[in-house]
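The chain contents come next:
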Amino acid sequence: MTRISENQMIRSMVSQMLANQQTVNKYSQEVTTGLKVQNPGDSRLSGTISQFREMESRISGHQDRIKTVQGLLTFQDGVVSQVNDALVRAQELATQGANETLDPAHRALISDEVMALRDHIVSLANSTYQGRYIFGGNDDGTPPYTAQTYTNPPTGPESQRYTYNTSLAAGQTRTVNVTDDTSITVNTPGSTVFDNSIQALERLGRSLSGYATNPASGTPDGTGSAYTFPAQYTTQTQDIKATIDLLNNARETDVLPEQSSIAGRLARLSSANDVLTQNMNSAKDVLGRLQDADITQSASDLTLAQSALQASLTVTTRLMQQKGVMDYI
Amino acid sequence: MSNNIAKILNNATRAMAAHQALIANTGNNIANVNTPGYARRVVNLQTEVGQSNSGTFNIGNGVSVQSLTRVVDEFLQTSVNRSGGDQAGYQTENDFLQRVQSLFSLTGNSNTVGSALTSFFNAANNLSVDPSSIELRSNFVEKGNDLVSSIKSTYSSLADLQTEADNRVVGEISTVNSITSQIAVLNGQISQRETSGGLASDERDRRDQLLEQLGSKISFSKLEQADGSVNISLSNGFTLVNGTTSRDLGTTTTPSFDATVPPSLGGGKLNFITYNYGTSAAPADLDLTKVLAAGSGSVAGLLRVRGTVGASDTSSFQADGSIVAMASRVEAVTRQLLTSVNQTYLGPDRDASTPATWEASSGDLNGNVPPAFGLFDFTYGGTKDSTGVSGLPEASDLTATGLDNFSSLLSLTSTDPRKIAAARDSSAGFPAPAVFASGDGSNIKAIADLQASNFTFSAGSFSLTTTFGSAYDEAVSYVGNKQANADVNQKVSSDALNTATQRRDQFSGVSLDEEFTDLIKEQKAFQASAKMIKTGSDLLDIIISAI
C-alpha cells in the first residue's frame, strides 16, 4: 500500500503549479514579443539566427546606401544632360556664326550667348550636392573650375579662362560598397567631362567676338590677340568652323559616354537592390521559421497552458479543503 | 490462588502508560508534520514479561513500550542528497547562464556587441559615400561609441557575474563549514545517547537535515560508525568530519601553492578553496578547488561558471568556466579592434625605407594623421606603442602593457567627427608632404571592407579564425548551447530530486489521516484501560463489602 504523506502531496501540487506557471509565462512571452527565440539558449540554432539577423541589418544598410548613391548619380545625370543640351545649342550658334554673310559686329552679338552657355556649363561643373562640389574628384571642398584671364581682351566674359583644379585629389574618384561584394564609383573628376566643352566654347566665343586663342589647338594658354579686319576675317571664319568639330568631339567623347556611364551605374544599383531585396526576403523567411513565433500556435498553446494552470489551481484548492479524519472526530 | 485484582490494576496502569506514550508520539508526529527533515516515529509496544505465577497458566503482565523507531530508509535519504546536489549545481549554473545569455539577446532591441559591430561597419560604408559630411562622420563616431560601450558593458557584466559567483563560493564555503561543525556536534550527542542504549531521534533528524543541506552545496561520501556518528569525506579522501571533529575549509586569493595567481575578469583575484594544514602565519594550503568543481552541488555549479585557475595560468582568460569562455570571446574582438582595425585605419606605410617606423598614410579633415592607436584606444598611463614597429599597434604592444584585459578599458581615440581619418594621402608620395582630400573616403572604405575579412580572434584558450560577424555568431551559439544544456540538466535533475523526495516523503513523511486514525485507536485503548481500573476497583469493593 502506498502511503501519501502530507508533505508529499503539497510538494507535488506546488511543483505542478509552478511548472504550469512557467509554461504560461513562456507562451505569454511568445505571444507578446512575437518571438519564440529571444535568448541564445532558446534554440540550438541561435548562432544561425544571429547570423541572419546580422545579414538583415547589413542588407538594410546597403539598401539605404543605394538610395543615397542613386540620389547622387541621378543629380549628376541631370547635370550632364544639361551640358549636352548646352553643347547642342552651341553647335547651332557656331554653324550660324561661321556663315560668311555675317560681319564681325553680328558675330560679336552671337558671342554673348556662347559665353553665357560657357558660364552655364562652368556653373554646372561647379555645382554642389548637399553642399559639396560633386565634380571636384576627392577635392570636394573647393570649386573644381576657377577663372583665370586671357591677355586679350582685358575685360568682359571673353577675358575669362576657366581651368580645372590641379590638385591630385581632384583627379581621384570615390568607390563605395553597395552590396557585400559590389562597389561602385560615385563621382567623376570634372576635367574628364567638362574641360573640352568649356575650352571649345571659350574658343568659339572669343572667335565670334574677334579674338584668336593660342595655341590654335589644344588647351588655351591664356594668350591670343584680336583679329585685324578685314584681313583676318577668313581666319576668324576658320577658327569658328574649327570649334564645330571641337564641340562635337566634346559631346561625343566626354559628355555622352559620361551620361551612359551614369545610366549604367544606376542600372547596376537597381539590379543590386533587386538582389538585396531577394536576399532580405530569404533572410526574413529563414528568421521567420527559426525565430518568429507562430502566433496562432502560441496563442492556442497559451490558452492550453492557462487551462492547465487553472486546473492545477482548482485541484490544489480542492485538496487543501478536502476533509480528513480530523474533521470527523 | 493468586491475587489477580492487583494484576488487573497493574496491567491497566501499564497499558495507560503505554498508550500515553503512543498518543504523545502521535502528537509529536502531528506537531512535526511540516518540519523539514522530520522522519515520522513509531512507538513499538511489546507484551510485558513478568515473573511466572505459581500455577499452571500465566495471565499476561500487560504491555510496555519497547522502543521508538525513526522510519527512515538510508538509501532513499542518500538518493535525495545526491539528486539534491545535482539539482542545486545545475540550478546555479542555469541561473548564471540565463543572465549571461541575456547579454547576447536575439530580440534586436538591445545594443549587443553583434548589432553594434554591424552598425559600425554600416556607418563606415555610409561615410565612404560622402566622407566630408559632418553628419555621417558624427554617425560613424556614434556607432563607434555604441560598439565601445556595448563591449565595455558586456564585458563588465560578465566580470560582475564572475565576481558574484566568486563571492557566492566564499559564502557557500562558510555555510559548508557551519554545517560540518554542527554535524560534528550532533555526532557527539548521538553517540553519547546511543551508546547508552537510547535512540537519538531528534538529533538524527537534524543531522539528516544538515546532510541534505550539505549535499546541496558539495558532493561527499559518508560512512556511519558503530556509535551512530557519521564520517564525511570528499571524493579525494579528504576528511571533513571525523566523529566529533570537523575541519573548516578556507577560501583564499593567496594560496601557498600558487605564488602568481592571475587576476579575475574584474581585476581582483579568484578564491581558491583550501584547507590550511599550517598556521595562518605559515600556511600550508591544500587545494580542494578542482576536487569540488568536479563534483555536484551549488559550489560545483558556481565553479563551473566562474572557472578554476591552473597553476601555470597567468591570465584571467586561461581559467575554464562558461563566464570566462564568453569573456574571452568579447576580449578577442576587442584585441582585433585595437590591432588589426587600427592598423588598417593607419593605412599603408608612407615611407617604406624606414621599416622600423610606420608613417601613417591616412588623415582627417584637419589634415592630421592618426596616432598608433588611432581609432580604438584604451585607458593606460604608460607607453602604449612600446614594441615592434614604432607607430603601429601590434599584439605585442598590448602584451607589453602587462594589462590583462582591454575590453574594460576600450575607448574611441577621438569623438570629434572632424578627426576621423577617412582619407588617404593623395600626394605624389613620400617625401612629398601628405595631402588629405576632404572628399576622399578610401581609408574609411578600407575599414568598412574589414567586415568581410578574416581575423584570428584569440584570448586565453579561445582561438578562432573568422570574420567579426561570425565570431559574434559563434559566441551566441556557444552561450546558447551552454544555457540550453544547463536548462535540460536542471530539469532532469529537478525531476530526479522530486522523485527522490516523493519517495522519501512517502516512506518517512507524516500523514495526518494516518496519525488521526492512530490517535482514535490509541485513545480508545487508553479509555478501555481506564475502564479496567474502574472494574478492578469495583471488584475490590465487592470483596471488601463481603467481609
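Remember, it's a predicted structure, so these values are computed and weren't measured experimentally.

Within chain B, the secondary structure is distributed over 12 helices and 15 strands. Taken against the 2.2 N^0.38 rule, which gives 24 Å for 547 residues, the C-alpha radius of gyration of chain B at 38 Å runs more than 25% over that of a compact globule. C-alpha atoms of chain B, sized along the principal axes, occupy 145 × 50 × 30 Å. A buried classification covers 50% of the 547 residues belonging to chain B. Sequence separation of at least 24 residues holds for 67% of the intrachain contacts in chain B that already meet a minimum separation of 6. A total of about 22,700 Å² of accessible surface is found on chain B, and carbon and sulfur atoms cover 53% of it. Taking the average place of the 38 positive charges on the side chains of chain B and the average place of its 54 negative ones, the gap between the two points comes to 8 Å.

Moving on: the pairing of strand β14 (residues 455-459) of chain B. Residue and element names in this part refer to chain B. Here β14 shows a buried face lined by Phe455, Phe457 and Ala459 and an unburied face lined by Thr456 and Ser458. Looking at chain direction, β14 and strand β15 (residues 462-466) are connected through 5 bridges and run antiparallel. Note on β15: the bridge partner recorded for Phe455 is Thr466. The hairpin formed by β14 and β15 contains 2 residues between the paired strands, and Gly460 there has a positive phi angle of roughly 60°.

This brings us to the pattern of salt bridges. Applying the stated criterion to the full structure yields 35 salt bridges over all chains. Of the charged contacts, one joins Arg89(A) and Glu92(A) as a salt bridge, the two residues approaching to 2.9 Å between their closest N and O atoms. Of the two residues, Arg89(A) and Glu92(A) both sit in helix α2 (residues 46-98), 3 residues apart, roughly one turn of that helix. For Glu92(A), a relative accessible area of 43% puts it in the partly exposed group. Of the charged contacts in the structure, one is a salt bridge between Glu258(A) and Arg265(A), with a shortest N-O distance of 3.5 Å. Using a relative accessible area of 8% as the deciding quantity, one classes Arg265(A) as buried. One network of salt bridges, with partners in common, ties together Arg41(B), Arg70(B), Asp202(B), Asp205(B) and Asp208(B).

This part takes up the packing of helix α1 (residues 6-33) of chain A against helix α11 (residues 468-508) of chain B. In the contact formed by α1(A) and α11(B), the axes pass within 9 Å of each other and the chain directions differ by 160°. Taken together, the axes of α1(A) and α11(B) are roughly antiparallel relative to one another. Residues Asn7(A), Gln8(A), Arg11(A), Ser12(A) and Ser15(A) of α1(A) form the contact with α11(B), whose participating residues are Asn498(B), Thr501(B), Gln502(B), Arg504(B), Asp505(B) and Gln506(B). Per-class residue counts for the contact of α1(A) with α11(B) are no nonpolar, 8 polar and 3 charged.

Let us look at the sheet that holds strand β7 (residues 250-252) of chain B. Note: strands within a sheet are paired through backbone hydrogen bonds, in either parallel or antiparallel orientation. All names here are of chain B. One open sheet holds the 3 strands; their spatial order is β7-β8-β9, and the pairing between them is antiparallel. The sheet terminates laterally at β7 and β9 (285-287), the two strands that pair on one side only. Averaged over neighbouring strand pairs, the angle between their axes works out to 50° when direction is ignored.

Counting buried residues in helix α10 (residues 442-449) of chain B gives 6 out of 8 residues, a clear majority hidden from the surface. Residues Asn443(B), Ile444(B), Lys445(B), Ala446(B), Ile447(B) and Ala448(B) constitute the buried set of α10(B).

Ranked by internal contacts, the top residues of the largest apolar core, which has 97 residues, are Leu249(B) and Phe376(B). Examining the composition of this core, we find that 17 residues originate from one element, helix α4 (residues 134-195) of chain B, more than from any other. Look past the residues within four positions of Phe376(B) in its chain and what remains in contact with it is Phe120(B), Leu147(B), Val148(B), Leu337(B), Leu338(B), Val341(B), Asn342(B), Leu410(B), Ser411(B), Leu412(B) and Thr413(B). Val83(A), Val122(A), Val178(A) and Ala272(A) belong to the second-largest nonpolar core, a separate cluster that totals 49 residues.

Before going further, it helps to spend a moment on the interface of chain A and chain B. Counting from both sides, the interface comprises 52 residues of chain A and, opposite them, 60 residues of chain B. Summed over both partners, the interface of chain A with chain B comes to about 4,500 Å²; 48% of that surface belongs to carbon and sulfur atoms. Ranking the residues of chain A by area buried against chain B places Arg3(A), Pro40(A) and Arg44(A) at the top, with a combined share of 15%. Across the chain A-chain B interface, the total number found is 3 salt bridges. For Glu514(B), the salt bridge is made with Arg3(A), and the minimal N-O distance between the two is 2.7 Å.

Quick look at the confidence of the model for chain B now. Of the residues in chain B, 98% reach a pLDDT of 70 or more, and the chain-wide mean stands at 92. Predicted as a complex, the structure gets a pTM of 0.89 and an ipTM equal to 0.88.

Turning our eyes to something else, we now look at the packing of aromatic side chains. Residues and elements named next belong to chain B. Enumeration according to the criterion identifies 21 aromatic pairs over all chains in this entry. Among the aromatic residues, those joined into a cluster by ring pairs are Phe120, Phe121, Phe140, Phe376, Phe455, Phe457 and Phe468. The cationic tip of Arg99 hangs over the ring face of Phe96; the distance from NZ or CZ to the ring centre is 5.5 Å. A cation over a ring is seen here: Arg329 above Tyr478, with NZ or CZ 4.1 Å from the ring centre.

Now for the sheet that holds strand β4 (residues 230-233) of chain B. Residues and elements named next belong to chain B. In space, the 4 strands of this open sheet follow the order β3-β4-β5-β6, with antiparallel pairing throughout. The sheet terminates laterally at β3 (221-224) and β6 (245-246), the two strands that pair on one side only. Judged from the 2 bridges that link them, β4 and strand β5 (residues 239-242) form a sheet pairing that is antiparallel. Following the sheet pairing, Ser233 is matched in β5 by Thr239.

Attention now goes to the environment of Gly441(B). Mapped onto the secondary structure, Gly441(B) falls in the loop between β13 (423-424) and α10. Considering only alpha carbons, one finds Gly441(B) and Ile232(B), 209 residues apart in sequence, at a separation of 71 Å. Not counting residues up to four positions away in its chain, the partners in contact with Gly441(B) are Arg174(A), Ser128(B), Pro131(B) and Ala422(B).

Quick look at a nonpolar patch on the surface now. Residues and elements named next belong to chain A. A grouping of Ile10, Val14, Leu18 and Met320 is seen on the molecular surface, where their side chains present a nonpolar patch of about 340 Å² in accessible area. With 3 residues, the top contributor of residues to the nonpolar patch is α1. Assignment of secondary structure puts Val14 in helix α1. For Val14, a relative accessible area of 35% translates into the label partly exposed.

What follows covers unusual backbone geometry. Trans is the common state for peptide bonds, and a negative phi is the common state for residues other than glycine. Residue and element names in this part refer to chain A. The step from Asn214 to Pro215 runs through a cis peptide bond, and the omega angle for that step is -20°. Secondary-structure assignment places Pro215 in the loop between α4 (190-209) and α5 (233-290). The omega torsion of the bond from Phe229 to Pro230 falls at 0°, within 30 degrees of zero and hence cis. Turning to its location among the elements, Pro230 is positioned in the loop between α4 and α5. Even without a glycine there, the phi angle at Gln130 is positive, about 50°. Secondary-structure assignment places Gln130 in the loop between β1 (128-129) and β2 (132-133). The class of Gln130 is exposed, set by a relative accessible area of 54%.

What follows deals with the packing of helix α7 (residues 298-306) of chain B against helix α8 (residues 322-346) of chain B. Residue and element names in this part refer to chain B. Where α7 contacts α8, the axes come no closer than 4 Å and their chain directions differ by 10°. Of the possible angle classes, the one that applies to α7 and α8 is roughly parallel. Contacts between α7 and α8 involve Arg304, Val305 and Arg306 from the former and Ser322, Ile323 and Val324 from the latter. For the contact of α7 with α8, the per-class residue count stands at 3 nonpolar, 1 polar and 2 charged.

Conventions adopted
- Counting of residues starts from 1 at the beginning of each chain's written sequence and follows it residue by residue.
- Whichever chain is written first becomes A and whichever ligand is written first becomes 1, with later ones labelled in order.
- Per-residue local features are limited, in this predicted model, to residues with pLDDT of at least 70; the limit for side-chain atom pairs, both in listing and counting, is 80 or more; totals at the level of whole chains, interfaces and linings are taken over all residues.
- The side-chain figures draw on all heavy atoms in the structure; neither hydrogens nor water molecules are used.
- For helices the rule is a DSSP run of H or I covering at least 4 residues; for strands it is a run of E covering at least 2, with both sets numbered from the N terminus onward.
- It is over C-alpha atoms that the radius of gyration is taken, and the globule rule equals 2.2 Å times the number of residues to the power 0.38.
- The rule is simple: take the accessible area with a 1.4 Å probe, protein chains only, and divide by the maximum for that residue type; under 20% is buried, over 50% is exposed, in between is partly exposed.
- The contact criterion used is simple: two residues touch if any of their non-hydrogen atoms lie within 4.5 Å.
- All accessibility values rest on the Shrake-Rupley procedure with a 1.4 Å probe; residue burial counts only the protein chains present in the view.
- Charged residues are defined here as Lys and Arg on the positive side and Asp and Glu on the negative side; His and the ends of the chain fall outside this count.
- Charged groups are reduced to one reference atom each: NZ for lysine, CZ for arginine, CG for aspartic acid, CD for glutamic acid.
- In this analysis, strands are considered paired if DSSP registers two or more bridges between them.
- Any Lys or Arg side-chain nitrogen located within 4 Å of an Asp or Glu carboxyl oxygen qualifies as a salt bridge.
- Here, axes are lines fitted to C-alpha atoms. For helices the fit covers the stretch in contact, and angles between N-to-C directions go from 0 to 180 degrees.
- Reported orientations rely on four angle classes, namely roughly parallel under 35 degrees, roughly antiparallel over 145, roughly perpendicular from 65 to 115, and oblique for the rest.
- As a working rule, the residues Ala, Val, Leu, Ile, Met, Phe, Trp, Tyr, Cys and Pro are called nonpolar, Asp, Glu, Lys and Arg charged, and the rest polar, with Gly in that last group.
- Side-chain atoms within 4.5 Å are what join buried Ala, Val, Leu, Ile, Met, Phe, Trp, Tyr and Cys residues into a set we call a nonpolar core.
- When two components associate, each loses some accessible surface as probed by a 1.4 Å sphere; the sum of these losses over both components is called the buried area.
- Values of pLDDT, which run from 0 to 100, indicate the predictor's confidence residue by residue.
- Working definition: rings of Phe, Tyr and Trp (its six-membered ring) pair if their centres are within 6.5 Å, and the pair is stacked with planes under 30 degrees apart, edge-to-face with planes over 60 apart, and tilted otherwise.
- Over a ring means this: the NZ of a Lys or the CZ of an Arg is within 6 Å of the ring centre and within 35 degrees of the ring normal.
- To count toward a patch, a residue needs a relative accessible area over 30% and no salt bridge; like charges are then connected within 9 Å, while nonpolar side chains (Val, Leu, Ile, Met, Phe, Trp, Tyr) are connected within 5 Å.

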